[in-house]
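Structural characterization, general
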Amino acid sequence: MDSTVKTLPARPPRAEHDKSGPRRPSREEAEAAVRTLIRWAGDDPTREGLADTPRRVIKAYEQLFEGYGKDPSHSLGRVFAEIGGYDDLVLVRDIPFYSHCEHHIMPFVGRAHVAYLPVERVVGLSKIARLIDVYARRMQTQEHLNSQIITAIDEVLKPRGVAVMLEAEHTCMSLRGVEKPGSKTITSQFTGVFENDTAEQMKFLTMLRGPTGG
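Digging into the overall build of the protein
Across its full length, the protein carries seven helices and eight strands. Counting across all 214 residues of the protein, residues that qualify as buried make up 38%. Restricting to contacts in the protein with at least 6 residues of sequence separation, those with at least 24 account for 71%. Accessible area for the protein stands at about 12,400 Å²; split by element, carbon and sulfur atoms hold 55% of it.

In structure tokens form, the structure reads like this:
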């Protein structure tokens, strides 16, 4: 069975991971910026309840935005060739994700649905979820997140087609501005066979509406 496992050659980091450019602030500078924001909001960053908040915020940011330090192609680097000639739809639906709107740095939270038509190889299902996390844990728009996920799968797996749908609630719309909680934004994109074959698109959408689908 192990003989069917293939490891794709490592790719050099994409341009978006280029470490050149403006110097990254130190942790101390980042914590000082949080204290400035606390003062700007009207509170005292030295009082007991807030004294340790800058440290906690920066620690949280390390996790919330850890996608900047990861190469998404590594998430799809291991594929399996022993699939018995299977060439029909592979769908992973209802993958939870959270990201942050790049316009207000406020969370948007939702589910991703990813399908592809394999050609001689498939990827471990957990790898798709990992790929989504790499891109989601950056400051994003939902439209760009959708595009990044589908492009990475298309480039690495080279399937006959990929379909990606994201549905999310944006707190920059539900907690501020028009304040409409419960509103969902849905984006979708198709490549390959899915672009021109409405039957494949309908199959994808029908499977999403299955017994436990949304």
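So, the side chain of His100
You can see His100 is positioned in strand β3 (residues 90–101). Overall, His100 belongs to the buried group, its relative accessible area being 8%. Dropping the residues within four chain positions of it, His100 is found in contact with Leu64, Phe65, Ile105, Met106, Pro107, Phe108, Ala136, Arg138, Met139 and Gln140.

Points about the environment of Ala136
Here Ala136 is to be found in helix α3 (residues 125–136). On a C-alpha basis, the gap between Ala136 and Val109 in space is 9.7 Å, while along the polypeptide they are 27 residues apart. When neighbours within four sequence positions are excluded, Ala136 is seen to be in contact with Phe97, Tyr98, Ser99, His100 and Leu145.

Here's the deal with unusual backbone geometry
With glycine set apart, most residues show a phi of negative sign, and most peptide bonds adopt trans. Look at Glu120: it is not a glycine, yet its phi comes out positive at around 70°. Following the sequence through the fold, Glu120 ends up in the loop between β4 (107–117) and β5 (122–123). One non-glycine residue with positive phi stands out, namely Lys158, at about 50°. In this fold, Lys158 is placed in the loop between α4 (142–157) and β7 (161–170). Here Lys158 falls in the exposed class, since its relative accessible area comes to 54%.

A closer look at the layout of surface pockets
Volume-wise, the second largest pocket comes out at about 350 Å³. Lining of the second largest pocket is provided by Ala30, Ala33, Val34, Leu37, Ile38, Val57, Ile58, Ala60, Tyr61, His104, Ile105 and Met139. Where the lining of the second largest pocket is concerned, the elements lending two or more residues are α1 (27–41) and α2 (53–64). Here the lining of the second largest pocket gets five residues from one element, more than from any other, and that element is α1. Classifying every residue of the lining of the second largest pocket gives eleven nonpolar, one polar and no charged.

Side note on the pattern of salt bridges
Going through the model one piece at a time under the given rule, you end up with eleven salt bridges. Arg27 is the salt-bridge partner of Glu62, the closest N and O atoms lying 2.1 Å from each other. Linking Glu62 in helix α2 with Arg27 in helix α1, this pair joins segments that are 35 residues apart in sequence. By relative accessible area, which is 36% here, Arg27 ends up partly exposed. Ionic pairing is found between Asp88 and Lys203, a salt bridge with its closest N-O pair at 2.7 Å. Here Asp88 is found in the loop between β2 (78–80) and β3, whereas its partner Lys203 is found in helix α7 (residues 198–208), with 115 residues between them in sequence.

Brief notes about the environment of Arg111
If you trace the backbone, Arg111 turns up in strand β4. Along the sequence, Arg111 and Leu166 sit 55 residues apart, while their C-alpha atoms lie 5.9 Å from each other. Polar side-chain contacts of Arg111 include one of 2.6 Å to the side chain of Asp94.

A few points about the packing of α1 against α2
Interhelical geometry of α1 versus α2 gives an angle of 120° and a closest axis separation of 8 Å. In the crossing of α1 with α2, the sense of the turn from one axis to the other is right-handed. From α1, Arg27, Ala30, Glu31, Val34, Arg35 and Ile38 reach across to α2, where they touch Thr53, Pro54, Arg55, Val57, Ile58, Lys59 and Glu62. For the contact of α1 with α2, the class distribution of residues is six nonpolar, one polar and six charged.

Topic: the nonpolar core
Counting 31 residues, the largest nonpolar core has Phe97, Tyr116, Ile128, Ile132, Leu145, Ile149 and Ile153 as its most contacted members. Of all the elements in the fold, those that place two or more residues in this core are β3, β4, β5, α3, α4 and β7. No other element matches α4, which puts seven residues into this core. Each residue touching Ile153, except ones within four places of it in the same chain, is listed here: Leu76, Val114, Leu131, Lys158, Pro159 and Val162. Residues Leu89, Leu117, Phe194 and Phe204 belong to the second largest nonpolar core, which totals ten residues.

What counts, and at which threshold
Residues numbered from 1 in each chain as written. Predicted model: local features only at pLDDT ≥ 70, side-chain atom pairs only at ≥ 80, totals over all residues. Heavy atoms only, no water. Helix = DSSP H or I, 4+ residues; strand = E, 2+ residues; numbered from the N terminus. Buried < 20%, exposed > 50% of the residue type's maximum accessible area, 1.4 Å probe, protein only. Contact = heavy atoms within 4.5 Å. Areas by Shrake-Rupley, 256 points an atom, 1.4 Å probe, with all protein chains shown as cover. 1 Å grid on protein atoms, 1.4 Å probe; cavity = no way out; pocket = protein on both sides within 12 Å on 5 of 7 lines; lining within 4 Å. Points joined across faces, edges and corners; volume = space filled by probe spheres on them. Nonpolar A, V, L, I, M, F, W, Y, C, P; charged D, E, K, R; others polar. Salt bridge = Lys/Arg side-chain N within 4 Å of Asp/Glu carboxyl O. Polar contact = N/O pair within 3.5 Å; in protein donor to acceptor, adjacent residues only side chain to side chain. Axes fitted to C-alpha atoms, helices over the stretch in contact; angles between N-to-C directions. Left-handed = near helix turned anticlockwise from the far one by under 90°. Core = buried A, V, L, I, M, F, W, Y, C linked by side-chain atoms within 4.5 Å.

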